[in-house]
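If you want the building blocks of each chain, they are given just below.
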Amino acid sequence: MLARPALAAALVLAATPATSAAAAGPAAPAGELAAPDISFTRTVLPNGLTLVVHEDHKAPIVAVNIWYHVGSKDEQPGRTGFAHLFEHLMFQPSEHARADFIKTLEGLGATGFNGTTDQDRTNFFEVVPVSALDTVLWMEADRMGHLVGAIDQKKLDLQRGVVQNEKRQDENEPYGRVEDVMTPALYPAAHPYAHTVIGSMRDLDAASLDDVKRWFATYYGPSNATIVVAGDVTAADALARVERAFGEIPPGPPLERQSTWIAPRTGEQRMRMQDRVPQARVYLTWNTAAWGSRDDTLLSLAAQVLSAGRSSRLFKRLVYDDQIATDVSASQGTNELGSTFTIQATARPGGDLAAVERAIREELARLLAGGPTADELARARTEAFAGFIRGVERIGGFGGTSDVLAEGQVFGGDPGHYRRELGWIRAATPADVRGAARRWLSDGLAVMDVEPFPELRAAAGAERAAPPPAGTPPDARFPALQRATLSNGLTVILAERHAVPVVNLDLYLDAGYASDQGGLAGTASLAGSMLDEGTARRTALQISDEAQRLGAGLSAGSNLDQTVVALSALTANLDPSLDLFADVVLHPSFPAADLERLRKQQLAAIEQEMAEPFGIAERIMPGLLYGPGHAYGQPLTGSGTAGSVRRITRADCVRWHDTWFRPNAATLVVVGDTTLAALIPRLERLLGGWRRGEVPAKRIGPVAPPAGALYLVDRPGSEQSLLLMGLVAPPRNAPGAIPQQVMNAILGGKFGSRLNLDLREDKHWTYGAGTVIVPARGPQPYIGYAPVQADRTSEALAEFLKILRGIRGAQPIRPEELAAAEASLTLSLPGRWETGGAVAHSIAELVRFGLDDHYWDGYASKVRAVDLAAATAAAGIVDPDRVVWVVVGDRARIEPGLRALGLGEIRHLGADGAPLAAPPQAAPAATPAAPQP
């Protein structure tokens, strides 16, 4: 919602039939902040299931979002992790739905689906074409009413293994063990929040089949659930469908609920830990007001005042002025029984963490003493409303309409609770925010210092009918595109979208990471990040403050081929937002002081990348695939190297901007609440004086296929090993691109792919594995990944190779695999373009790859035309003998097994990609199975 989905003391609904229609919220007075009102109807079925329906007919899609009022707080000592474990088990086949849940959703064209668990609730959501609504409701009802009979020891062991690998993966990341230490320290031992959501390895191992079945019978009945149906349906139709699917399921048992338990603390508690991190970090945490309280909302505003935007108190002091930290954030982590307010800051490399903490305390003391200024509060208020508006443009997913309504119903008994929260935000005064901060942040502080290791500092019952088949899929409707060209040659593409009062503008420039060719790697990233750090008319702080006052989002970023400057503006503030946007695009001043500050941040980011398994691999792989002379042969992150970033000067940034920012080599993509007639005169006035010019050609031509090789990066103590596969595929707009997309979906591009089903669902050696063709104008990086438990490294790599060989014909693509991949790629199109941002992304693909304006209109038919022969031929890009493998893990544990695979010489690299002399071989381990030919 306005922060993390909120969680508060719920009002238990009577399990008697009742229907009510929501009244519209009061209109905001003229000149005040307003947000779209979310209409809804609410019905409680005889079995206690609460149904909330929201009609939204902008796209032929529907979201189904079920919230069960159960989370880790409901677990008993010795049985922690059950709620999260059961989230995983719920995706297994149920008694009547024998097919894998996620594979079925992918075949229906779902554009979003997931399950999540936190302290207070478990939810499952899907966004599908409206034609699939009955099928999805049947599936949800079957796992609500008919799951327990399908759970056996094998399924329990499988998902237990997946969850344990998820825990290993989390803890293998920098700062990944903080939660394990902090959580029990914040609460008394008997408190429901005194353990982590994912639980302990010991408790997961101890979970028995009977334990799991009792847990399900207790908490997953309709009387403990709310279902939201939002989208292209009517309330009456949705009610009839839900009654048909769920009506026969008996209610669950009566439940006792813990009332609010904030667990106030006094005094100060200090903790310290070491981790595999390049920079020290400090966490300051207080136990605070629960969900649904006015103070919870006021503390969210206080967090924004402290850390949102460059001129926020903590960012300006720690990062901008004193430059003693590379990042800082403050947040109110809202929960049902009681919340936490956390400030975290990362010291600059080699910096003084004590000085960082002193500065935080001083800035917090200033806020407690004087409260926010009227201007600070106004900016925080506008940002909160703007964030809400952008979130509810979507019907599903995190923070979408269905989430907002479900949250209010489950924790407050009112789907319209968001109106109360917005009202508190609108009415808040500086004194209100100061009062809330004083009440909760004056005492009871817990401090955690995280310091680097020294070596890193240096380096059912009755028969149930079959599921109803999905109806005829709706046609995908890509919006009509309108084009215009400014007098200086700038191409403007507009897609009108009037669902929410927002206009998104994305200026695509022919630059990107590839524009660093022949220069200093990291220039595009550093110079791009400086675009809003100051102009001839505005300082960096003025830019940040003005954007906040306008409720505008302003950002810049790059991919391999393009640099994009993006603006998201509220329609009512479009003119001043456009003026700010044009100033940033045309007149960046690249202030020397800000360059030094951002240089330090980029160097710190490089250090962080070199401490993370994925970051290490992403930095190393491109150079191995493309070599030093190609424009793509630099880290995929675009951050450059420490040596190159240290040498970038202000003149380099100015030269980069002068070279690549040319209107005739740029396209402005506009999606939202405006018209071409209204927009073009504004753009001509603001951007018409931008001078034309030619941009250099980038060296992105063909490359010789790399020779197969295995590289090993030692990361001592890693509980997991990251396997990264690298190949080179043809450019995105080359013939055969669509068959390659279909083939990739079968191999590793979706949850139900061969790679993920084998390594995760069958062998449970990983939390997730997959493949991705990284989009590019030139030869595309084709990357596969699998973070696996360390003791299965060599076996997992052998299995990975077996799957790569199989897709080329040893295990031929089956008709059902082809049909599932094509369905996933085509049936998802109606939901793919739900939001303005999603539409803009698809238009950007047309621009980036020179595709026709009607490309998306014919995309589905081209995908369906791919037959088995074409999909198998597309697998020709998957040459197992030319795979470049990068393995990041604990060399002492994994190298003997890797050598036994017989893949040739193992080459050792440092985290920076530099070759290392081969260290002495570790003692041999048990020989794993060799890869099958």
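All values reported here derive from a predicted model rather than from experimental measurement.

**Some points on the pairing of strand 4 (residues 61-68)**
When a strand is regular, its side chains alternate between the sheet's two faces.
Move 1: By the criterion of burial, strand 4 is predominantly enclosed, with eight of the eight residues buried.
Move 2: Where burial is concerned, the two faces of strand 4 agree: the one with Ile 61, Ala 63, Asn 65 and Trp 67 and the one with Val 62, Val 64, Ile 66 and Tyr 68 are both buried.
Move 3: Bridging between strand 4 and strand 6 (residues 122-129) involves eight bridges; their strand directions are antiparallel. Paired with Tyr 68 across the bridge in strand 6 is Thr 122.
Move 4: Relative to strand 7 (residues 225-231), strand 4 is paired through seven bridges, and the arrangement is antiparallel.

**A short note on the sheet that holds strand 9 (residues 281-288)**
Move 1: What the five strands build is an open sheet, ordered 8-12-9-11-10; its pairing is mixed. At either end of the open sheet lies a strand with only one pairing partner, and these are strand 8 (268-275) and strand 10 (325-333). Each strand of the sheet is rotated relative to its neighbour by a mean of 15°, with strand direction disregarded.
Move 2: In this sheet, strand 12 (residues 445-452) lies alongside strand 8 in parallel orientation, the contact comprising eight bridges. Looking across to strand 12, one finds that Gln 274 is bridged to Glu 451.
Move 3: Together, strand 10 and strand 11 (339-347) form the strand contacts of helix 10 (residues 313-321), whose direction differs from that of strand 10 by roughly 160°.
Move 4: Packed on one face of the sheet, helix 11 (residues 353-370) meets strand 8, strand 9, strand 11 and strand 12 and runs near 35° to strand 9.

**A few points about the packing of aromatic side chains**
Move 1: Inspection of the entire model under this criterion finds 24 aromatic pairs.
Move 2: With a centroid separation of 5.9 Å and an interplanar angle of 75°, the aromatic rings of Phe 82 and Trp 215 are classed as edge-to-face. Here the residue Phe 82 occupies a position in helix 1 (residues 82-89), and Trp 215 occupies one in helix 7 (residues 209-219), the gap between them amounting to 133 residues.
Move 3: Overall, Phe 82 belongs to the buried group, its relative accessible area being 5%.
Move 4: Members of the aromatic cluster, connected to one another through ring pairs, are Tyr 68, Phe 86, Phe 91, Phe 101, Phe 124, Phe 216 and Tyr 220.
Move 5: Between the NZ or CZ atom of Arg 121 and the centre of the ring of Trp 67, over which it lies, the distance is 4.8 Å.
Move 6: Lying over the aromatic face of Phe 124, Arg 143 brings its terminal NZ or CZ to 4.3 Å of the ring centre.

**Looking at the nonpolar core**
Move 1: Within the largest apolar cluster, 66 residues are counted, with the highest numbers of intra-cluster contacts made by Met 743, Tyr 782, Leu 797, Ile 843, Val 878, Trp 885 and Leu 898.
Move 2: For this core, the element with the most residues is helix 27 (residues 793-810), which contributes eight residues.

**Remarks on the pattern of salt bridges**
Move 1: Using the criterion set out here, one finds 65 salt bridges in the structure.
Move 2: Note that Asp 295 is salt-bridged to Arg 439, the shortest N-O span being 2.8 Å. Linking Asp 295 in helix 9 (residues 294-307) with Arg 439 in helix 15 (residues 430-441), this pair joins segments that are 144 residues apart in sequence.
Move 3: We classify Asp 295 as buried; its relative accessible area is 12%.
Move 4: When the shortest N-O distance is used, the salt bridge between Asp 545 and Arg 379 registers 3.4 Å. Of the two residues, Asp 545 and Arg 379, neither departs from the other in class, the shared state being buried.
Move 5: Among the ionic contacts, a cluster of salt bridges with common partners joins Glu 268, Arg 270, Glu 357, Arg 361 and Asp 449.

**Comments concerning the environment of Glu 243**
Move 1: One can find Glu 243 in helix 8 (residues 235-246).
Move 2: Between the alpha carbons of Glu 243 and Leu 137 there is a distance of 9.9 Å; along the sequence they are 106 residues apart.

**Looking at helix 31 (residues 855-864)**
Move 1: Tyr 855, Trp 856, Gly 858, Tyr 859, Ala 860 and Val 863 are the residues of helix 31 that are buried.
Move 2: On its buried side, helix 31 packs onto helix 25 (737-749), helix 28 (815-827), helix 29 (829-832) and helix 30 (836-849).

**Section: unusual backbone geometry**
It is generally the case that most residues other than glycine have a negative phi and that most peptide bonds are trans.
Move 1: Residue Tyr 175 is not a glycine yet carries a positive backbone phi of 65°.
Move 2: Tracing the backbone shows Tyr 175 in the loop between helix 4 (153-172) and helix 5 (178-186).
Move 3: In this structure Tyr 175 comes out as buried when scored by relative accessible area, which is 9%.
Move 4: For Gln 323, which is not glycine, the phi torsion reads 55° and is therefore positive.
Move 5: Secondary-structure assignment places Gln 323 in the loop between helix 10 and strand 10.
Move 6: Overall, Gln 323 belongs to the buried group, its relative accessible area being 17%.

**Observations regarding helix 9**
Move 1: Across its 14 residues, helix 9 extends 21 Å between first and last C-alpha, which sits within 8% of the 20 Å expected from 1.5 Å per residue.
Move 2: Across the 14 residues that make up helix 9, a large majority, 13, are buried.
Move 3: Two residues or fewer after helix 9 comes Gly 309, characterised by a positive phi angle close to 95°.

**Points about the pairing of strand 18 (residues 666-672)**
Move 1: The element strand 18 is extensively covered by neighbouring structure, given that seven of its seven residues are classed as buried.
Move 2: Burial along strand 18 is two-sided: the residues Ala 666, Leu 668, Val 670 and Gly 672 and Thr 667, Val 669 and Val 671 are all buried.
Move 3: Pairing analysis gives seven bridges linking strand 15 (residues 502-509) to strand 18, with the strands arranged antiparallel. Its bridge partner lying in strand 18, Val 503 is registered against Gly 672.

**Side note on the side chain of Arg 732**
Move 1: Positionally, Arg 732 belongs in the loop between strand 20 (720-729) and helix 25.
Move 2: Separated by 3.3 Å, the side chains of Arg 732 and Glu 845 make a polar contact.
Move 3: If we ignore the near neighbours within four places in the chain, the residues touching Arg 732 are Ala 737, Gln 741, Ala 776, Gly 778, Gln 780, Glu 845, Phe 849, Leu 851, Tyr 855 and Trp 856.

**A look at the environment of Ile 803**
Move 1: Its location among the elements puts Ile 803 in helix 27.
Move 2: Overall, the relative accessible area of 10% leaves Ile 803 in the buried class.
Move 3: In this structure the C-alpha to C-alpha distance between Ile 803 and Pro 880, which are 77 residues apart in sequence, comes to 9.5 Å.

**Considering the sheet that holds strand 24 (residues 906-909)**
Move 1: Spatial ordering of the open sheet is given by 21-22-20-23-19-24-25, a layout of seven strands whose pairing is mixed. A single partner strand is all that each edge strand has here, and the edge strands are strand 21 (770-773) and strand 25 (915-916).
Move 2: Relative to strand 25, strand 24 runs antiparallel, the two sharing two bridges. In the sheet register, His 908 faces strand 25, and the bridge partner there is Leu 916.

Here is what the cut-offs are and how they apply
- Residues numbered from 1 in each chain as written.
- Predicted model: local features only at pLDDT ≥ 70, side-chain atom pairs only at ≥ 80, totals over all residues.
- Heavy atoms only, no water.
- Buried < 20%, exposed > 50% of the residue type's maximum accessible area, 1.4 Å probe, protein only.
- Helix = DSSP H or I, 4+ residues; strand = E, 2+ residues; numbered from the N terminus.
- Pairing = 2+ DSSP bridges.
- Axes fitted to C-alpha atoms, helices over the stretch in contact; angles between N-to-C directions.
- Contact = heavy atoms within 4.5 Å.
- Phe/Tyr/Trp six-rings, centres within 6.5 Å; stacked < 30°, edge-to-face > 60°.
- Lys NZ or Arg CZ within 6 Å of the ring centre and 35° of its normal.
- Core = buried A, V, L, I, M, F, W, Y, C linked by side-chain atoms within 4.5 Å.
- Salt bridge = Lys/Arg side-chain N within 4 Å of Asp/Glu carboxyl O.
- Expected span 1.5 Å × (residues − 1).
- Polar contact = N/O pair within 3.5 Å; in protein donor to acceptor, adjacent residues only side chain to side chain.

Geometry only, nothing functional implied.
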